[in-house]
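# Working through the structure, step by step
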Amino acid sequence: MQRRVFAFISLLAAMLVLSACTGGGATTGTTSSPAPAASGSNGVQQVTVTVGNSMSFEPTSITVGTGQPVQLTLRNTGLMPHDFSLSDGVAQPVHIAASGGQTTSDTFTIDYPGTYAFDCSMPGHASAGMRGTISAQ
Ligand SMILES: [Cu+2]
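A brief look at the structure comes next. Positions within a chain are numbered from 1, following the residues in the order the chain's sequence is written. For this predicted model, a pLDDT threshold of at least 70 governs which residues receive local features, and a threshold of 80 or more governs which side-chain atom pairs are given and counted, while totals over whole chains, interfaces and linings are taken from all residues. In computing side-chain properties, one takes all heavy atoms of the structure into account and sets aside hydrogens as well as water.

### With respect to the packing of aromatic side chains
- Centre distance within 6.5 Å is the pairing criterion for rings of Phe, Tyr and Trp, where only the six-membered ring of Trp is used; planes under 30 degrees apart are then read as stacked, over 60 as edge-to-face, and the remainder as tilted. Enumeration over the complete set of coordinates arrives at four aromatic pairs.
- With centroids separated by 6.4 Å and ring planes inclined at 85°, the aromatic side chains of F57 and F84 adopt a geometry described as edge-to-face. Here the residue F57 occupies a position in strand β2 (residues 57–58), and F84 occupies one in strand β5 (residues 82–86), the gap between them amounting to 27 residues. Residues F57 and F84 agree in their burial class; the two are buried.
- With a centroid separation of 4.5 Å and an interplanar angle of 35°, the aromatic rings of F84 and F118 are classed as tilted. Remark: F118 occurs in strand β8 (residues 114–119) and F84 occurs in strand β5; sequence separation between them is 34 residues.
- A 1.4 Å probe rolled over the protein chains alone gives each residue an accessible area, and that area as a share of the maximum for its type sets the label: buried under 20%, exposed over 50%, partly exposed in between. The exposure class assigned to F84 is buried, which follows from its relative accessible area of 0%.
- Through a chain of ring-to-ring contacts, three or more aromatic side chains come together here, namely F57, F84, F108 and F118. Starting at the N terminus, helices and strands are each numbered in turn, a helix being any DSSP run of H or I of at least four residues and a strand any DSSP run of E of at least two.

### A short note on the side chain of S85
- Summarising the element assignment, S85 is placed in strand β5.
- The exposure class assigned to S85 is buried, which follows from its relative accessible area of 14%.
- Any pair of nitrogen or oxygen atoms within 3.5 Å is treated as a polar contact; in protein, a donor-acceptor pairing is required on top of that, and neighbouring residues in sequence qualify only through side-chain atoms on both sides. There is a polar contact of 3.1 Å between the side chain of S85 and the side chain of H95.
- Should any heavy atoms of two residues lie within 4.5 Å, those residues are counted as being in contact. Apart from residues lying up to four places away in sequence, S85 is in contact with V94, H95, A117, F118, D119 and S121.

### Considering the sheet that holds β5
- When DSSP finds two or more bridges between two strands, those strands count as paired. Within the open sheet, the five strands sit side by side as β3-β9-β8-β5-β6. Their pairing is mixed. A strand with exactly one partner marks an edge of an open sheet, and here the two such strands are β3 (61–64) and β6 (94–98). Each strand axis lies, on average, 20° off the axis of its neighbour in the sheet, ignoring direction.
- Direction of pairing for β5 relative to β6: antiparallel, over a ladder of five bridges. What sits directly across from S85, in β6, is H95. Between N-to-C directions, angles span 0 to 180 degrees; the directions come from axes that are lines fitted to C-alpha atoms, helices contributing only their stretch in contact.

### Observations concerning the sheet that holds strand β7 (residues 103–109)
- In space, the four strands of this open sheet follow the order β2-β1-β4-β7, with mixed pairing throughout. Of all strands in the sheet, those with a lone pairing partner are β2 and β7, marking the two edges.
- For strand β4 (residues 69–76) and β7, the ladder comprises seven bridges, and the chain directions are antiparallel. Looking at β7, one finds that Q71 is bridged to T107.

### Looking at the coordination of the copper ion
- In this structure, H82 (ND1), C120 (SG), H125 (ND1) and M130 (SD) serve as the protein donors to the copper ion, at separations of 2.0 to 2.5 Å.
- Considering all four donor atoms around the copper ion, angles at the metal cover 86 to 136° and the coordination shape is irregular.
- In primary-sequence terms, the residues that donate to the copper ion follow H-x37-C-x4-H-x4-M. Residue C120 is located in the loop between β8 and β9 (131–136), and its partner M130 is located in the loop between β8 and β9; the two are separated by 10 residues in the primary sequence.
- M130 gets classed as buried once you look at its relative accessible area, which sits at 0%. Each metal site lists N, O and S donors within 2.8 Å (3.2 Å for Na, K and Ca). With water left out of the atoms, a site can look as if it is missing ligands. Between 85 and 135 degrees for all angles marks four donors as tetrahedral; over 155 degrees for opposite donors together with 65 to 115 for all other angles marks four donors as square planar and six as octahedral; every other arrangement is irregular.

### Some details on the environment of G132
- Mapped onto the elements of the fold, G132 is located in strand β9.
- When the C-alpha positions of G132 and S61 are compared, they lie 5.6 Å apart, and in sequence the two are 71 residues distant.
- Leave out the neighbours within four places in its chain, and G132 touches F57, T60, Y116, A117 and F118.

As far as function goes, none of this settles anything; it's purely spatial.
Here it is in structure tokens:
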């Protein structure tokens, strides 16, 4: 019995070493684990926020994983310029600007769990309703 257990453990160890050598196991059969709300390669979370002429963000609340890169795409369907500005929860302030009809994206990471406010820094836009929250879990 002892021998069998030992053999099993060494088999496990060998498998561990093997999977470590294949570099992250991206191609191994662990696809059943549920992905976070966003998808993408290398654990980058893809989030799209739409802005337009209605002085609001869609969606107004975003949930991401803590410590995982977020690629945020700002899609501006309106006529005037807007931006996504986030200064809390990130190492460096995030400022993603898109002029009318444009789509821009940038990547950032929220290092600590929490709920942080973002807004549009164009004069008057935040007070007109262009604010939202991003929660890192
Ligand atoms: Cu705006």
